[in-house]
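# A closer look at the structure
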Amino acid sequence: MTIYIFNFILIFIYMFLFLKAKNKKIKILLFSLSIIQLILIQGLRDINLGSDMPYYWKYYDLQLLYDINHLSFSRYEILFKIVTKIITTVTTNKQLYLLMFSLLSNVPIALVVYKKSKNPIMSTLLFLAFGFYNFNFSGLRQAVAFGIIFYSYIFITERKLIKFLISIAIASLFHTSAIVFLPAYFLYNFKITRLKIIAIIFIDVAIYIFKEQIFAFFNSLFYENYTMVVTNSINWMIMCLVIVFICLIFYKKIKSKDSSILYNLVVVGSSIMLLAPIANNILRISNYYFMFIILLIPEVVYSLKNIKYKFLAESIVVLLAFALYIFLLIVDSYNIVPYAFGNF
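Residues numbered from 1 in each chain as written. Predicted model: local features only at pLDDT ≥ 70, side-chain atom pairs only at ≥ 80, totals over all residues. Heavy atoms only, no water.

## With respect to the overall build of the protein chain
Helices and strands together make up the secondary structure of the protein chain, namely 16 helices and zero strands. For 344 residues, the compact-globule formula gives about 20 Å, and the C-alpha radius of gyration of the protein chain, at 20 Å, lands near that figure. Referenced to the eigenvectors of the C-alpha coordinate spread, the extents of the protein chain come out at roughly 60 × 50 × 40 Å. With 344 residues in all, the protein chain has 52% of them scored as buried. A sequence separation of at least 24 residues applies to 77% of the contacts in the protein chain between residues at least 6 apart. Carbon together with sulfur atoms contributes 70% to the accessible area of the protein chain, which is approximately 16800 Å² in total. (Helix = DSSP H or I, 4+ residues; strand = E, 2+ residues; numbered from the N terminus. Rg over C-alpha atoms; globule rule 2.2 N^0.38 Å. Buried < 20%, exposed > 50% of the residue type's maximum accessible area, 1.4 Å probe, protein only. Contact = heavy atoms within 4.5 Å. Areas by Shrake-Rupley, 256 points an atom, 1.4 Å probe, with all protein chains shown as cover.)

## Brief notes about the nonpolar core
Here is a general trend for soluble globular proteins: nonpolar side chains tend to be buried in one another's company. Ranked by internal contacts, the top residues of the largest apolar core, which has 113 residues, are F181, F292, I293 and I294. F292 has contacts with I149, F150, Y153, F181, L262, L265 and V266, leaving out every residue within four places of it along the chain. (Core = buried A, V, L, I, M, F, W, Y, C linked by side-chain atoms within 4.5 Å.)

## What to know about a nonpolar patch on the surface
A cluster of nonpolar side chains, contributed by I201, V205, I209, F210, I234, I238, V242, F245, I246 and I249, occupies part of the molecular surface with about 890 Å² of accessible area. Of all the secondary-structure elements, those providing two or more residues to the nonpolar patch are α10 (194-209) and α12 (234-249). Of the residues forming the nonpolar patch, the biggest block, six residues, is contributed by α12. Tracing the chain through its elements places I249 in helix α12. (Patch = residues over 30% accessible without salt bridge, like charges linked within 9 Å, V, L, I, M, F, W, Y side chains within 5 Å. Salt bridge = Lys/Arg side-chain N within 4 Å of Asp/Glu carboxyl O.)

## Looking at helix α9 (residues 161-172)
Its twelve residues give α9 an end-to-end C-alpha distance of 16 Å, which sits within 8% of 16 Å, the value for a rise of 1.5 Å per residue. Of the residues making up α9, those classed as buried are F164, S167, I168, A171 and S172. An end-on view of α9 places all buried positions within 125° of arc, on one side of the element. Buried-residue contacts for α9 involve α8 (140-157). (Expected span 1.5 Å × (residues − 1). Arc of directions from axis to C-beta.)

## Quick look at the packing of aromatic side chains
The full count for this structure, using the stated rule, is 33 aromatic pairs. Taking the centre distance of 5.7 Å and the plane angle of 50° together, the rings of W57 and Y97 count as tilted. With W57 in helix α3 (residues 53-65) and Y97 in helix α5 (residues 94-116), the pair connects residues that are 40 residues apart, well separated along the chain. Grouping residues by exposure puts W57 and Y97 together as buried. When the ring of Y59 is compared with that of Y76, the centres are 5.4 Å apart and the planes differ by 85°; the resulting orientation is edge-to-face. With Y59 in helix α3 and Y76 in the loop between α3 and α4 (78-90), this pair connects stretches of sequence that are 17 residues apart. In this structure Y59 comes out as buried when scored by relative accessible area, which is 0%. With relative accessibility at 9%, the residue Y76 sits in the buried group. Above the plane of the ring of Y185 lies R159, whose end atom (NZ or CZ) is 4.0 Å from the centre. (Phe/Tyr/Trp six-rings, centres within 6.5 Å; stacked < 30°, edge-to-face > 60°. Lys NZ or Arg CZ within 6 Å of the ring centre and 35° of its normal.)

## Re helix α14 (residues 282-290)
Across the nine residues of α14, seven count as buried, placing the element largely inside the fold. At its buried positions, α14 is contacted by α7 (132-135), α8, α12, α13 (259-272) and α15 (293-301).

## Things to note about the confidence of the model for the protein chain
Scored by pLDDT, the protein chain has a mean of 90; 93% of the residues are at 70 or more. When pLDDT is averaged over each helix and strand of the protein chain, the minimum, 72, is found for helix α11 (residues 211-221) and the maximum, 98, for helix α6 (residues 120-129). (pLDDT = per-residue confidence, 0-100.)

## Some details on the pattern of salt bridges
Scanning all chains against the criterion turns up seven salt bridges. D258 is the salt-bridge partner of K116, the closest N and O atoms lying 3.1 Å from each other. Taken as a pair, K116 in helix α5 and D258 in the loop between α12 and α13 lie far apart in primary sequence, 142 residues in all. Residue K116 is classed as partly exposed on the basis of its relative accessible area, which comes to 21%.

Right, here's the structure in full:
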């Protein structure tokens, strides 16, 4: 666990220096260092770290045996198969394979964070705190899909529908679940008001009350092999809902032109999360929307005009992020603790 904690502390130091720096090149350097650390820690890990990795290595080993015409095997999506085949054609080194997927999943997120976040390094810390980074150690296909979906946010804000649709298509060819993000483009012009917040609360209450019926309906349409089970995600769900509610309190203070879409995406993600107590994979689906919380929280913090309040908010966010990250490392849902380096 030491390397993860050290990584978080280093990135926090970068954030402190980032806020003090006046030179843009120094800011870029500090942010780049934080992202490079994430990529290297993930890409240079032992190949057995990550709960889903045994399944990926099984497929990887088969690709070493067959040519490009043999892309069948299991349920994996075609673009993931093609990328895997290309990499295995170039090299048989599994460490390089991990490093490549670390780049594919983290770089798109970094590009958006630097361009769109009020505090890119705070967003990076939140990326760790909410477990998005930890997940990338395990779910290679969906991690890449998350990265592409996150990048598609640029096309939403620039109102470039064709590029957005292409992004969704590419992401879904890595993991079909990415198609759930398709409605996001049309949330851009939905403005948050007090009346709409009240309506959202009633809708969310209804979703939670009728969660079993809602799950059964969508399960019959898409995933008939999934069954309802009692999960232990209710505490996580409640925490996320509280965070979203706190963010909503400040919605009138945020003057950013993109604030509405951030609120809308995060609210949709938290609403989907209400199904999590009866479905194992709902959190993965909700995260296509909820992961934009790493952009929304800095928007809220930097909407505060009073310097003392802003400093207090920054301190609270960082401390809570650190505590949450430690908790996730202790729970270790993705089998990434203890950390170990791999061998080239």
